Structures are given as structure tokens and as C-alpha cells.
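Here is how the chains run, residue by residue.
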Amino acid sequence: MANKLVIKVTAGADAPERCSQAFTVAAVAAASGVEVSLWLTGESAWFALPGRAAEFELPHAAPLPELIESIQATGLVTLCTQCAARRDITEKDVLDGVRIAGAQVFVSEIMPEGVQALVY
């Protein structure tokens, strides 16, 4: 079993089911005691901003703000550097606890033994 789960979510409101699955899997893993690192890329980058996750709706899915809160309780949420720059998002704009980092950090997280990486 993996000691750490790194999830990169590339979808946002443009692909709501895929987006919700990524956040749900990350939150369930975190609640199960797995070390979780969730990466917001592409259209999911918007969810790094205060209030944006609350705008996301998908029937029969847990609210994104609750999922983000549960992930952050024990894990990391990271916004992709390039994705942030393309959307003019800076560190002062993001939710408390969200870091902005790039591909080098992502690769360093997924390469060690005992890490499982998923991309949604």
C-alpha cells in the first residue's frame, strides 16, 4: 500500500464529475490516514481562490469547500505555478494553506518509493 497519495486534478467546472472524483478521492484518503497532496492544475486552479469552490455544484456530490477543508486538515493543497500565472493568481490571492509550486516540486513528490500518483 502506498504511504502517500499525490493527486493532480486538471478539471474544474468544465468536467464536473472528473473534478469531483479527484477531490473526493483525496478527501477519503486523507480521512483514512493516507498522506495526501492535491495539486490544482488547469481549470481546477480557480478553486484555490476564496469562494470559488462554493460556486461548484454537482448533484449527489460532497461540497468542494468541505472536501478541501478535510484535505487541508492533514495534507497539502498546491496550485501549479504556471496555471496560477496564466490566471493572474498570486500567493496573496489564494486560500490560507494553499501553496504555489511548480513541476520540480511535483516530480519530487511523486518519485519516492511508496508514493502513488493519480491524475484526474
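Predicted model, so just to flag it, every value in this text is computed and none were measured.

We now examine the pattern of salt bridges. As enumerated under the stated definition, the model contains 6 salt bridges in all. Between D93 and K92 there is a salt bridge; the shortest N-O distance is 3.6 Å. A relative accessible area of 73% places K92 in the exposed class. The shortest N-O distance in the salt bridge between R99 and E109 comes to 2.2 Å. Residue R99 is located in strand β4 (residues 98–101), and its partner E109 is located in helix α4 (residues 103–110); the two are separated by 10 residues in the primary sequence. Several salt bridges share partner residues, and in doing so they unite K4, E35, R99 and E109 into one network.

Right, let's get into the packing of aromatic side chains. Under the counting rule described, the total for this entry stands at 3 aromatic pairs. On the basis of an interplanar angle of 85 degrees and a centroid distance of 6.0 Å, the ring pair of F23 and F47 is categorised as edge-to-face. Of the two residues, F23 sits in helix α1 (residues 16–31) while F47 sits in the loop between β2 (35–40) and α2 (64–74), which places them 24 residues apart along the sequence. Assigned by exposure class, F23 and F47 land together as buried. With a centroid separation of 5.6 Å and 85 degrees between ring planes, the pair formed by F47 and F56 is classed as edge-to-face. Take F47: its relative accessible area is 5%, and that puts it in the buried class.

All right, on to the side chain of K4 then. With respect to the helices, strands and loops of the structure, K4 is situated in strand β1 (residues 4–9). Once residues within four sequence positions are removed from consideration, K4 is found in contact with V34, E35, S37, E109, G114, V115 and Q116.

Our focus in this paragraph is the packing of α1 against α2. The geometry of α1 relative to α2 is characterised by a closest axis approach of 8 Å and an angle of 40 degrees between their N-to-C directions. Note on packing geometry: the crossing formed by α1 with α2 is left-handed. Here C19, F23, T24, A26, A27 and A30 of α1 lie close against α2, whose contacting residues are L64, L67, I68, S70, I71 and T74. Considered class by class, the residues forming the contact of α1 with α2 number 9 nonpolar, 3 polar and no charged.

What counts and how
Residues numbered from 1 in each chain as written. Predicted model: local features only at pLDDT ≥ 70, side-chain atom pairs only at ≥ 80, totals over all residues. Heavy atoms only, no water. Salt bridge = Lys/Arg side-chain N within 4 Å of Asp/Glu carboxyl O. Buried < 20%, exposed > 50% of the residue type's maximum accessible area, 1.4 Å probe, protein only. Helix = DSSP H or I, 4+ residues; strand = E, 2+ residues; numbered from the N terminus. Phe/Tyr/Trp six-rings, centres within 6.5 Å; stacked < 30°, edge-to-face > 60°. Contact = heavy atoms within 4.5 Å. Axes fitted to C-alpha atoms, helices over the stretch in contact; angles between N-to-C directions. Left-handed = near helix turned anticlockwise from the far one by under 90°. Nonpolar A, V, L, I, M, F, W, Y, C, P; charged D, E, K, R; others polar.

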